[in-house]
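Next come the chains, spelled out residue by residue.
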Amino acid sequence: MSSFFGINVALSALKASQYAMDVTGHNIANANTEGYRRQQAIFTANSPYTNNFGSGSTTTQLGTGVTVSEIRRTQTDFLDSQVRIENQLCGMWTAKNEALQQVESLLSEPGDNGISAALDRFWNSWQNLATSPESAAARTDVVSSATSLSDSIRNLYENLRSVQTDLDRNVADSASEINALVQEIASINNQTVQGRSGDYQPNDLIDRRDLLVEQLSRLLRIEVHGSGGSNMIISVGGKVLVQGNYSATVDAVIGDNGATKLVWDDDGTDVALNGGEVKGCTDARDSLVEGYIESLDDITQAIVSRVNAIHVTGFDANGNPGGDFFTAGSDAGNISVDAAVLASPSLVAASGVAGGPGDNSVANAIANIRKELLVDSQTIGESYAGLVAKIGSDARESSVHSEAHEYTLSNRKTQRDSIAGVSIDEEMTNMIRYQQAYNAAARIFTVMDEMLDTIINSI
Amino acid sequence: MRITFNMMASRALNNMTSTAERLMEAQDRVSSGKRIRKPSDDVTGTGRALSLRSTISEIEQYLRNSDMVKSQLSVTNSAMDSVVTSLERVRDVALQAANSTVTVEARAAMTSELDQIMSSLAAAGNTQYGDKYIFGGSITNQPPIVSSGVTMPPYSYAGNDTQISVQVAPWTNTTCNVVGSAIFNMNGAAVPTSPDVFSTIQSLKEEIQAGDLQAVSARIADIDANLNNVITIRSEVGARTSRLENMNESLLDSKTSLSTLLSETEDTDLTQAVLELRTRENVYQAAVSVAGRILNITLADYIK
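Figured I'd write up the structure that's included with this text.

What counts and how
Residues numbered from 1 in each chain as written. Chains lettered and ligands numbered in written order. Predicted model: local features only at pLDDT ≥ 70, side-chain atom pairs only at ≥ 80, totals over all residues. Heavy atoms only, no water. Contact = heavy atoms within 4.5 Å. Buried area = accessible area lost by both parts, 1.4 Å probe. Salt bridge = Lys/Arg side-chain N within 4 Å of Asp/Glu carboxyl O. Polar contact = N/O pair within 3.5 Å; in protein donor to acceptor, adjacent residues only side chain to side chain. Helix = DSSP H or I, 4+ residues; strand = E, 2+ residues; numbered from the N terminus. Nonpolar A, V, L, I, M, F, W, Y, C, P; charged D, E, K, R; others polar. Patch = residues over 30% accessible without salt bridge, like charges linked within 9 Å, V, L, I, M, F, W, Y side chains within 5 Å. Areas by Shrake-Rupley, 256 points an atom, 1.4 Å probe, with all protein chains shown as cover. Buried < 20%, exposed > 50% of the residue type's maximum accessible area, 1.4 Å probe, protein only. Pairing = 2+ DSSP bridges. Lys, Arg positive; Asp, Glu negative; His and termini not counted. Expected span 1.5 Å × (residues − 1).

1. Here's the deal with the interface of chain B and chain A
Stage number 1. On the chain A side, the residues contacting the 44 residues of chain B number 53 residues.
Stage number 2. By the criterion of area lost to chain A, the three top residues of chain B are R2, P39 and L50 of chain B, representing 16% of everything that side buries.
Stage number 3. In this assembly, chain B and chain A are joined by five salt bridges.
Stage number 4. K371 of chain A is paired through a salt bridge with E58 of chain B; the nearest N and O atoms lie 3.4 Å apart.
Stage number 5. Inspection of the region where chain B meets chain A yields 22 residue pairs in polar contact (both at pLDDT 80 or more).
Stage number 6. Elements supplying a minimum of two residues to the side of chain B that touches chain A: helix 1 (5-32), helix 2 (43-97) and strand 5 (165-169) of chain B.
Stage number 7. Top element by residues in the side of chain B that touches chain A is helix 2 of chain B. It accounts for 13 residues.
Stage number 8. Partitioning the side of chain B that touches chain A into residue classes produces 19 nonpolar, 17 polar and eight charged.

Put into structure tokens, the structure is as follows:
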């Protein structure tokens, strides 16, 4: 055993304390970095030195100091997977909610400016015509309320289609986002492999990768296998997205029905969507909004065909047989008053009797379409109110779910933070600890030095 | 549980955000006066509101219809009043002429008066409401009582007998016209055993001129039959008008109660909403002040 053995021990203490202080400094510096996991310097006692130190034949071991054996990154694999699950649910419901809030705001119901009020005014204008079938003013009023009804319906249709277009765009954007994320994850995997083999721990790289995986989980429902190290496999619907340093690519293509969807680049099959923002967008677009458009079409077609069917049995202000009132065969996207009637309101037929301009049976009949059960055994008004109610309740459902999942996600993140987050108080405490240890080690250093001085200089 | 500063900060932020959101909702309700601003605020309430609005709009239209019908019936009534008065005068003349002491000059005066009465009856038959002739059935663009060009019958009916029906309540229609052929008994439409009003008067004229006292006496029965017919029709119109009044009353009552129901469904109960607003303001204030207090302290403050 050398005389300077004690100095080396003290030196190891100094170095270890300094190293630990550096780690503390890194933690504090990154207290607000997103995805940063707290790092801890793990002290391990050095291998002891075995020999015969004292008198006699007993063998003893003498410790040789301390070293920082590992800078341990706080592991939260289970909580990470919990967060990912909530994240994709949250992403899905939030995407749906945003789309439905937009749709709801287009309705203006209940109110005086929506389709429901326009329908009421339309039926009323025919009643008005029935009380004065000879009146040109009443005819003009019928044409104008029909025009305003058509405008409202077309407007809603176009707005619903444009919500679908927005959702298409979201899906397309998410494809490039997904590709960027998986490429970066694969490249980090590559770097961590190299890092591990070179025996340094790439803690910050792994932090970044976990953050990317979390961002990815918001977009898609992914399954993550492997302990989070370089053997991590990320798959979607059973097909591998990232494995080690390999990453697949997804494309956004336009499917048969004109809607954008995600497919795998290598074989063109559809990406299985079981959750995440992309699923929220496609669900909202393909089942919810598409359903609303279909209902609106049904209602519109019922109005157009029934009004026309009665109108052609009547006679107009000039005693001629009535033609189509609405452009024949139109649906919600192109409903309009027939061009001839629009140009000349006297073509509106009120009378059911040729040569009897005072007769109002056709006007009465059209006004009473209001009460006929034309769509799924409901009146036009009831059917439209049903559509509004469906939109309202879908919007309510998605709002409630999205809020609940946001709350749960926030709780999960809090739980994870509780384990892996940086606590300033804790770091301050550690800082004091390491400082005291450093001071004490320095003290030993000084005393050892004095002792050696005694041997060297005083003897 | 280990607590980090970030946890406290993000929890405080979440709470401030959610209380601020609820505060904004309460503000909206008070300032817009509407409890239901979009369907998802209250889905069943929205359904109810839409249905109430439709019904109220329908009722308002029926009230308008009914006003127009009442107004037309009133014009009809006045026209029929004048017909009744004229026919009563014809009856008086006939009674007078049946008396054998009437002189030749007096008879000449009577026939000329009867001529005048006949034209004024024709004019009554061609009464217009605005632009339309109301006694012609559905042929409203030309006069229904036209001169036939021959002596007998002196006038013929150019209208039809369509009853024009107007809706005045959700399941009730009312006829808004009276057909001219019924009033004047054209072609025996109302009283098959007597000739029409104009032919009756024309025959009376000829009988007076000829001095045929017995025929004049017999003619009075025809005049009576026609007169009673018109009086019956007039009182039926009166009954129609008063039924309309009753229906109007009950429609107005319906409208009032439906409007109240609509307001209860759609509008904010101001007292409750203001109370809620104050409560949420307080909650928000508490959240913000707590955030301000706890987020300031860390151990670093106490280490020299």
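2. Some details on a nonpolar patch on the surface
Residues and elements named next belong to chain B.
Stage number 1. On the surface, M1, I3, M8, V290 and I294 cluster together to form a nonpolar patch covering roughly 470 Å² of accessible area.
Stage number 2. By the element assignment, I294 lies in helix 7 (residues 270-294).
Stage number 3. For I294, a relative accessible area of 34% corresponds to the partly exposed category.

3. Side note on the sheet that holds strand 7 (residues 239-243) of chain A
Residue and element names in this part refer to chain A.
Stage number 1. The four strands lie next to each other as 5-6-7-8, forming an open sheet whose pairing is antiparallel. At either end of the open sheet lies a strand with only one pairing partner, and these are strand 5 (223-225) and strand 8 (246-247).
Stage number 2. As paired elements, strand 5 and strand 6 (residues 233-236) share three bridges and run antiparallel to each other. Following the sheet pairing, V224 is matched in strand 6 by I234.

4. Considering the side chain of E104 of chain A
Stage number 1. Checked against the element boundaries, E104 of chain A lands in helix 2 (residues 77-107).
Stage number 2. No salt bridge is formed by the buried E104 of chain A. Its closest oppositely charged neighbour is K38 of chain B, at 4.5 Å.
Stage number 3. A polar contact is formed between the side chain of E104 of chain A and the backbone nitrogen of S40 of chain B, at a distance of 2.5 Å.
Stage number 4. Apart from residues lying up to four places away in sequence, E104 of chain A is in contact with I391, G392 and A395 of chain A together with K38, P39 and S40 of chain B.

5. Some details on the environment of S305 of chain A
Stage number 1. Within the secondary structure, S305 of chain A is located in helix 6 (residues 276-311).
Stage number 2. Of the residues examined, S305 of chain A reaches a relative accessible area of 44% and is grouped as partly exposed.

6. What to know about helix 2 of chain A
Stage number 1. In this model helix 2 of chain A runs 46 Å from its N-terminal to its C-terminal C-alpha over 31 residues, within 8% of the 45 Å that 1.5 Å per residue would give.
Stage number 2. Remark: S108 of chain A follows helix 2 of chain A within two positions and exhibits a positive phi of approximately 55 degrees.

7. Observations regarding the pattern of salt bridges
Residues and elements named next belong to chain A.
Stage number 1. In total, this model carries 49 salt bridges over all chains according to the counting rule given.
Stage number 2. Across the salt bridge formed by E70 and R72, the nearest N and O atoms sit 3.6 Å from each other.
Stage number 3. Judged by relative accessible area, which is 25%, E70 ranks as partly exposed.
Stage number 4. The partner of D286 in a salt bridge is R285, with the nearest N and O atoms 2.8 Å apart.

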